[in-house]
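# Coordinate analysis (summary)
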Amino acid sequence: MDVSFILDALNDKQREAVAAPLQNSLVLAGAGSGKTRVLVHRIAWLMHAYELSPYSLMAVTFTNKAAREMQGRIEQLVGLPPQGMWVGTFHGLAHRLLRAHWRDAGLKENFQIMDSDDQLRLVKRIMREFNIDDTRWPPKQVAWFINGQKDEGRRAAHVPDSHDPFSKGMRELYYHYEEACERNGLLDFGELLLRAHELMLTNPALLKHYQQRFVHVLVDEFQDTNTIQYAWLRVMVGDTGTITAVGDDDQSIYGWRGAKIENIQNFSKHFNDVATIRLEQNYRSTGQILKAANGLIQNNDDRLGKELWTDSGDGDPISLYAGFNEQDEARFILEIIKKWRDDGTALKDMAILYRSNAQSRVIEECLVREQLPYRIYGGHRFYDRLEIKNALAYARLAVDPNDDGAMERVINVPPRGIGERSIGTLREIARDQGCSMWQAAEHIVQHGVMPARASNAIKNFLQIIDGMGNTLIQPDLGLGDVFEHIIQEAGLIPHHEKEKGEKGEARIENLKELVSAASGFSWSEDDEEFSSPMMAFLDQAVLDAGEAQADEYQDSVQLMTLHSAKGLEFPLVFLTGVEENLFPSKMSFEEPGRLEEERRLCYVGITRAMEKLYITYAESRRLHGSESFNSPSRFIREIPQECIEEVRLRSQVARPVSMQRHNYQGTLQKQNQSILHGYQVPETNVSMGDRVKHPVFGEGLVINYEGQGPQARVQVNFDTEGTKWLVLSFAKLEVL
DNA sequence: CCTACGCACTTTTTT
DNA sequence: AGTGCGTAGG
């Protein structure tokens, strides 16, 4: 069979990885080295060279986006969809196993998946029920604790006993939480993985079946696996299967949520006869950018070791800009963006990266002022939005009125006269009778045990839900129509119309989008596990947050955190706020490993840039209301200095010693007039970039300033006399 | 029952 | 500074 189409157009190392024998292999794929390509071609190779059926392959990713991309590229390469192959996220595949084997997994047939929001609500509910002090055990922290334990594969019973009351309480709460989930048929994200793992361990026949089925397993972003994911993989592969793990230890940035970099570091110890292949040729960035990235990451210990290289030239050095505050930083970025745009670069090819979301605001304001379109990645996901979650809760109630979580969520949204008092009564009855809140509500309405006003309100609600339930069983209604009804019946549109500002409008727009998402939903393929389209849709809504935003196709500047930038690339990248305490974040100073993770994050940031990278920081920054003076990040110092070019002379005037200590001695290499133009010097009529005339020195260009009021000084680059600092109140400068 | 005000918090995010 | 949450008053 001709397999050249699989191996051609690969470099030697990629080919080595793709055509490796059917054995365990670890592909250390540096940034921009064609990782997904290798994965996809490996799959095609296994199918052709070893005549493996797609049925015997499983490919695991972390995000739905990555799974979709892989699926698409396999189709593209092989020419048809890989029938029977399992391609999906850890959670998606675990979910699939549990739906198929719910009985063996000890679940209810109609079990529901909770997202983190549902989970937090459940935690709060439990804490209320048991009268637990939520100042000593903040619900968020409780949820965090439970998730952390599940990531480690521990149930409440496995949590080591402790004598300190706080830990004891946590453990106790975990018990209650487990019990509540069990009773209500609820699974959080961690539970999907944990339960899928246990399903395999407790059902040897089932395990054998899957181990025999999956001859080869492929894993993307292996450095991000946590304990339970790794354990599950090992069980699924077993002694008979083999695995290809693709990842990059230098890009492990999720340790804080349980990812174990050790998994990739020790991979060769846990699996037999591992072939390790390094992909170090980078097809993305210029030589200078790679040199900077390599230099920086060398400061980490315990690396598997890897050095990126390219054969496509050095490119521009990295530009470093010191803003005097965050406003200045933002304005600088905007100037560069406008320059690149005028030179023909599309806005979507420019990315502004920052360490924390709070930093985006200043930049956004600047973008708005300059009327440049932008798009912020991350933020709230579509299905996470309040209005969407409410609509989905109505749908859940329509499917199963006994869904207490959904009931609590929307019973009084929009306000319909069922307040905390009434809900409390419902909860009480439900608990005493061991029934659902819905049944409690029916009881109340029938027996009139509550004041007429409250009783009527509840009756009204029951009727609304009943009506929704009816639309579900009408065969001629599509999923979109059902949601249309639901939103209508619930009165969500008028409810959001009442909201002030543009918020309500946006929410109504989102609800419309939900309707169209529902109409476009198809569950045809291999989803025989699901009993109805609505159920499938609801599951999908929880597991796949629906990334796309409306303005996706508009050409716009891309803003995102460094974490969400992983896996992406842009010709022009700004790495902003590169200051001590911010990046590395001061939160990372406590645990030793965290600083290395910050450094990897910086490495990720640098390697996003294809052509040109700007690193910026601000000498003074207003964040969370107060002003702080941070020194430039240590990461800047760790980059080989020959890769860096400063775009502004650091001011040489008096400053607090603490700041001066960190100043760079870099010299002014290039004056960029367009950069500086438009900078207003406070309380004067002189602007940066202005041409001025001095009675003695002649004409020159204002390139910097310092101080305020009578002490204000400007630096002028005179045409004939060089640069000089002048005190504005003395020098007789004339603006030309 | 709803609205308004005051308080505390603030790294990173996917599923 | 801004937001989200909980409590106090209308």
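Treat the numbers as computed from the prediction; the structure is a model and nothing was measured. (Residues numbered from 1 in each chain as written. Chains lettered and ligands numbered in written order. Predicted model: local features only at pLDDT ≥ 70, side-chain atom pairs only at ≥ 80, totals over all residues. Heavy atoms only, no water.)

### Re the sheet that holds strand 7 (residues 242-247)
Selection criterion: Strand pairing is assigned whenever DSSP detects at least two bridges linking the two strands. Helical segments are the DSSP runs of H or I of at least four residues, strand segments are the runs of E of at least two, and each set is numbered from the N terminus. What counts as an axis is a line fitted to C-alpha atoms, over the stretch in contact for a helix, and the angles between N-to-C directions run from 0 to 180 degrees. Contacts were defined at the residue level, with two residues in contact if any of their heavy atoms lie within 4.5 Å.
Taken in spatial order, the 6 strands make up an open sheet running 3-2-6-7-1-8, and their pairing is parallel. Looking along the sheet, the strands with just one partner apiece sit at the ends: strand 3 (86-89) and strand 8 (275-279). Each adjacent strand pair in this sheet contributes to an overall mean axis angle of 15°, direction not counted. Set on the sheet, helix 3 (residues 35-49) makes contact with strand 1 (25-29), strand 2 (57-61), strand 6 (216-219), strand 7 and strand 8; between it and strand 6 the angle comes to about 170°. Set on the sheet, helix 5 (residues 90-100) makes contact with strand 2, strand 3 and strand 6; between it and strand 3 the angle comes to about 120°.

### Remarks on the environment of H163
Note the following rule: Type-normalised accessible area, obtained with a 1.4 Å probe on protein chains alone, sets the label of each residue: buried when under 20%, exposed when over 50%, and partly exposed for intermediate values.
Looking at where H163 falls in the secondary structure, it is placed in the loop between helix 7 (139-151) and helix 8 (165-184). Overall, H163 belongs to the exposed group, its relative accessible area being 77%. Sequence spacing of H163 and E627 is 464 residues, and the spatial spacing of their C-alpha atoms is 42 Å.

### Observations concerning the nonpolar core
Put simply, the test is: Nine residue types can take part in a nonpolar core, namely buried Ala, Val, Leu, Ile, Met, Phe, Trp, Tyr and Cys, and a core is a set of them joined through side-chain atoms within 4.5 Å. Note that domain bounds follow an automatic or database assignment of domains.
The biggest cluster of nonpolar side chains holds 64 residues, and the ones touching the most others in it are M58, L97, Y177, V217, W232 and F267. Take this core: its biggest share by element is 7 residues, from helix 11 (residues 227-237). Counting only domains with at least three residues in this core, you end up with domain 1 (4-101 + 203-281) and domain 2 (112-184). Not counting the four nearest positions on each side in its chain, L97 is found in contact with W86, A196, L199, M200, Y210, W232 and M236. Ranked by size, the runner-up nonpolar core spans 50 residues in total, among them L426, I429, I487 and A518.

### Digging into the environment of S360
The topology assignment puts S360 in helix 16 (residues 360-369). Residues S360 and E408, 48 residues apart in the sequence, show an inter-C-alpha distance of 35 Å. Excluding residues within four positions of it along the chain, S360 makes contact with Y354, I376 and L559.

### Regarding helix 15 (residues 326-342)
Rule in force here: Helix span is expected to be 1.5 Å times the residue number reduced by one. Pairs of N or O atoms are called polar contacts if they sit within 3.5 Å, as long as, within protein, a hydrogen donor faces a hydrogen acceptor (for residues adjacent in sequence, only side-chain-to-side-chain pairs).
When the terminal C-alpha atoms of helix 15 are compared, their 24 Å separation across 17 residues agrees well with the 24 Å that a helix rising 1.5 Å per residue should span. For helix 15, a buried count of 12 out of 17 residues is recorded, marking the element as mostly surrounded by other parts of the structure. Every buried residue belonging to helix 15 is among E326, D328, E329, A330, F332, I333, L334, E335, I336, I337, K338 and W340, and all of these are buried. A distance of 3.0 Å separates the backbone nitrogen of Q327 from a side-chain oxygen at the start of helix 15, and that oxygen is part of N325. G344 occupies a position one or two residues after helix 15 and carries a positive phi of about 105°.

### A short note on the protein's contact with DNA strand C
Quick note on the threshold: We call a residue near a molecule or strand as soon as one heavy atom of that residue lies within 4 Å of the molecule or strand.
Near DNA strand C you find R361, H624 and G625, and these make up its full shell. Per the 4 Å cut-off to the protein, sugar and phosphate atoms form 31% of the nearby atoms of DNA strand C.

### Description of the UniProt feature "binding site: ATP" (unreviewed entry) in chain A
The condition that has to hold: UniProt positions are given in the numbering used here, feature names are shortened, and annotations may be inferred rather than shown by experiment.
Taking the numbering used here, the UniProt-annotated feature "binding site: ATP" (unreviewed entry) corresponds to A29, G30, A31, G32, S33, G34, K35 and T36. One can find A29 in strand 1. The residues contacting A29, other than those within four sequence positions of it, are K35, V246, G247, D248, Q251 and L279. Within the secondary structure, G34 sits in the loop between strand 1 and helix 3.

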